[in-house]
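Residue-level structure breakdown
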Amino acid sequence: AAHLADVVRTQAQGNVADIVTVTGLPPESIELVADGVDVPRIRELAATTARVPGRVAVAARLVPEKGVDDALRAFAHARRACPHATLHVLGTGPAEASLRRLAAELGVADAVAFLGHVPHDQVLSELAAAEALLHLSHMERLPKAVKEAMACGCVVVTTRTVGIEELVRDGQTGYLVDVRDHAAAGAALEMALTRPQEHARMRAAAAALVAETMDHAASVRKLVGLWRRALAARGQGQAKAAGRGSHDAVTGST
């Protein structure tokens with residue numbers, strides 16, 4: 001199917017090597033088009049949302065591989081230095097009951113709100129209100145929640161997964177930690193919460209990176225351009241085939 005396709009597209013540079021291995025396609029034939037986020041809408045909501053000191057967000061399905069348990073442990077670590085910190089968990093899933101129990105065991109249940117499934121605009125408003133996002137998933141490919149949080153000016157603490165370096169440059173546009181290293185995540189979160197003024201440059205750099213490379217409208221324009229190019233190439237191929245068929249018919253009749 002890949003060899004028959006007019007366009008082969010991926011959203012992350014980190015995927016290219018896997019696609020080459022599986023399909024045998026040359027890497028230069030694979031088009032990179034980001035799964036963009038609605039930057040203008042995010043800016044509109046962020047402009048009308050007040051940042052809440054000490055607020056932390058998690059936006060993920062509540063399943064083990066999303067590492068929400070690690071996020072709770074990291075939050076508990078940071079809260080020792082920032083006792084006014086609060087955590088809003090956005091999402092539902094089968095692990096919710098065990099995560100609520102863990103929050104109680106860690107002594108942070110009073111500071112953690114499980115908001116369940118919320119509309120997308122509310123997710124964006126929650127991210128704009130938060131000082132930091134904890135996204136400690138075990139396996140991701142440029143997660144949308146990270147892009148949206150960065151566009152909101154939120155300090156992102158996330159795990160080193162495939163392609164994440166295309167978004168988060170450690171110490172510049174966010175913080176990267178190893179999978180399951182909730183102690184390192186807690187230390188990074190503590191810095192974000194206790195030194196907000198020092199992170200102004202990081203917030204601005206993160207928002208600028210997403211606007212420049214992950215904007216939805218720009219991605220759509222690039223996709224439309226690829227489709228138009230593919231249609232034009234197919235049309236030229238069909239015209240050439242029709243021309244050859246006409247020539248053959250004449251030759252045959254002669």
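Attention now moves to helix α5 (residues 120-129). Where α5 is concerned, the buried positions are V123, L124, E126, L127, A128 and A129. Packing partners of the buried residues in α5 comprise α2 (39-47), β3 (55-59), β4 (86-90), β5 (112-116), β6 (132-135) and α6 (144-151).

Right, let's get into the pattern of salt bridges. With the rule as written, the count across this model stands at 16 salt bridges. As a salt-bridge pair, R9 and D35 come within 2.4 Å of each other at their nearest N and O atoms. Residue R9 is located in strand β1 (residues 8-10), and its partner D35 is located in the loop between β2 (30-32) and α2; the two are separated by 26 residues in the primary sequence. The class for R9 is partly exposed, based on a relative accessible area of 34%. Taking relative accessible area as the criterion, D35 reaches 36% and is therefore assigned partly exposed. Three or more residues are tied together by salt bridges with common partners; here these are D69, D70, R73 and R180.

What follows concerns the confidence of the model for the protein. Per-residue confidence for the protein gives a mean pLDDT of 93; residues scoring 70 or more make up 94%. In the model, residues 246-254 has pLDDT below 50 throughout and makes 0 contacts with residues more than four positions away in sequence or in other chains.

Reading the values: the criteria
- Residues numbered from 1 in each chain as written.
- Predicted model: local features only at pLDDT ≥ 70, side-chain atom pairs only at ≥ 80, totals over all residues.
- Heavy atoms only, no water.
- Buried < 20%, exposed > 50% of the residue type's maximum accessible area, 1.4 Å probe, protein only.
- Helix = DSSP H or I, 4+ residues; strand = E, 2+ residues; numbered from the N terminus.
- Contact = heavy atoms within 4.5 Å.
- Salt bridge = Lys/Arg side-chain N within 4 Å of Asp/Glu carboxyl O.
- pLDDT = per-residue confidence, 0-100.

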